[in-house]
Each structure stands twice: as C-alpha cells, then as structure tokens.
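Chain and residue survey
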Amino acid sequence: MVIENNSNKHSIQFGKHKINFYLQKSKRKTLTIKVKPNLTILVKAPNEAKLKQIKIKVHKKGDWIIKQINFFQDFSPITPKKYISGESFKYLGKQYRLKVHQSNLEKVKLKNGYINIYTKLKNDKEQIKSQLDLWYFNLALKRIEPRLKELYPKVKKYNAKPYTFKLRNMKTRWGSCTSKGKIFINPGLIKAPSLCIDYVLIHELCHLVYPNHSKKFYNLLEKIEPNWIEIKNNLERN
C-alpha cells in the first residue's frame, strides 16, 4: 500500500487503482467514507485518529470505493441549463418542458405538461433561473415539511429526539441532520420521485435516533425502509 501526503489530500494504492481522498478531522467518534457524484472521495475521522490507521481503513473499503466511482462514471455529465423555452426540467421525478412568456407579471405555473414562466425579462437567463429556483423552493416547503411530520412517528417510537426543519441549498447533499436535531433538506430534492423524497426524509429522521452512520443506524433505516438501497440508487440516477 503506497502512501502519499499533501496537506489534507492523501492517496493509497489499491491494486491497479490509485485512490485519492480528502481528509477532514473533527470532534467525532467514527470514521466515514463518502464518494461524491463528482468522484471526490471525502473521509471524515476523529481528531485523535492516526493517519496510518485511517489509510488502512480506506484500503479495506477499496472494493466499495471503486464500485461507487464506477457507478457515478456510468452517467453522462450534466449539460448546463440555458433557461429557454423547450428545455426539460424535473418535478417529482417527471420531465416537463419550459415555456417562457413575456409578461408584466412575474409568476411560474405548471399547466398542460409545461412549466410556464411569465417574466418581464424573457431573455434574461439569471432572472428566469431565479424565478424557477424560487418556485422549486416554495413547492419543496409546501410538500416536504408536512411529509416530514407524517414520517416522524416511524422513528419516534425508537426514542427519536424532537427536530426542527429548514430548507438549505447544498451542492453535494440531499439532506443533513445535526446532533441537536436540526434537519436540513435540499430544496432541489423536490425534483426527485416521491419515493426518493421519502427515503431522504427517513434517512435524516433516523439520525434523530443514531447521529452517525453506525450499524445500528443502518439496521433502523432498513427496518423502516427495506428497499432503501434500491431507492438511493434511483435517486442518484435522477
């Protein structure tokens, strides 16, 4: 196993693969490894963990890391949106075409299979994006918060702590839950199918019982949603 070091960036040699990863240390009890859709590998470890032991654990997870990398590489890069009529946008897992209308009133309306945007600045990409983002945000707030309340009893019986909820834009995460029970959900999740939304909400609610990704956490997640792995893969594809 070859070890290299450059600030918080490190690497190991796993067979013919060189695995580069970023290391973040904090006040935590467990080590976690995450492969992001952009193929960045992030390792979070306790402050007292030794670098040598961290790299040994990364090496032990080598097969899983390579599988995750291959999974994300199967998908084509996302083409940046132009925010013009005819482009496709998702809502609850379904594709809708965009129609941009010149108007003195600014509003967004889902009608006849189209996302209709009425705007004073029909050719202003940033304006249209801003209106669409706000529309998604409001839809997420309207749908996700009540659904979270509906799902909470599933974990409450396992002594889940109370929670607070807030939408937060996140580049690489669908949701997060702090040790104090603050649940943050990415408003972009509203673009995913309902089953995928429920999976993310259940995942974060399970953290109210087990704050880290321990074996007990995954046992609880599987008890509440037995098909979570399949749903998670579907979410990543969407």
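Because the structure is a prediction, the values reported are computed rather than measured.

**Notes on the environment of Pro193**
- For Pro193, the location among the structural elements is in the loop between β12 (182-185) and α5 (194-206).
- Each C-alpha atom of the pair Pro193 and Val35 lies 23 Å from the other, and the pair is 158 residues apart in sequence.

**Digging into the sheet that holds strand β7 (residues 94-102)**
- Pairing is mixed in the open sheet, where four strands are placed in the order β6-β7-β9-β8. Whereas interior strands pair on both sides, the edge strands pair on one side only; in this sheet they are β6 (88-91) and β8 (107-111). The mean angle between the axes of side-by-side strands here comes to 35°, regardless of whether they run parallel or antiparallel.
- Contacts between helix α3 (residues 125-151) and the sheet are confined to β6, β7, β8 and β9 (114-119), with β9 contributing the most and set at about 125° to the helix.

**Digging into α3**
- Here α3 contains 27 residues, and its C-alpha end-to-end distance of 38 Å stays within 8% of the 39 Å for a straight helix at 1.5 Å per residue.
- Taken as a whole, α3 has its buried residues at Gln127, Ile128, Gln131, Leu132, Trp135, Tyr136, Leu139, Ala140, Ile144, Leu148 and Leu151.
- Among the residues of α3, the N-terminal cap falls to Asp124, whose side-chain oxygen and the backbone nitrogen of Glu126 are separated by 3.1 Å.

**Examining the confidence of the model for the protein**
- For the protein, mean pLDDT is 90; residues scoring 70 or higher make up 94% of the total.
- Counted against residues more than four places away or in other chains, residues 1-7, with its pLDDT under 50, gives 16 contacts.

About the criteria used
- Here the residue index of a chain counts from 1 through its sequence in written order.
- In keeping with the model being predicted, local features are shown solely for residues with a pLDDT of at least 70 and side-chain atom pairs are shown and tallied solely at 80 or more, while totals for entire chains, interfaces and linings include all residues.
- With hydrogens and water set aside, each side-chain value is computed from the structure's full complement of heavy atoms.
- Helical segments are the DSSP runs of H or I of at least four residues, strand segments are the runs of E of at least two, and each set is numbered from the N terminus.
- We treat two strands as partners when DSSP finds at least two bridges between them.
- Working convention: axes come from line fits to C-alpha atoms, limited for helices to the stretch in contact. Angles between N-to-C directions cover 0 to 180 degrees.
- Any two residues whose heavy atoms approach within 4.5 Å are treated as being in contact.
- To estimate how far a helix should reach, multiply one less than its number of residues by 1.5 Å.
- Only protein chains enter the area calculation, which uses a 1.4 Å probe; residues under 20% of their type maximum are buried, those over 50% are exposed, and those in between are partly exposed.
- We define a polar contact as two N or O atoms separated by no more than 3.5 Å, with the added condition that, inside protein, one atom must be a possible hydrogen donor and the other a possible acceptor, whereas residues neighbouring each other in sequence contribute only through side-chain atom pairs.
- Think of pLDDT as the predictor's per-residue confidence, scored from 0 to 100.

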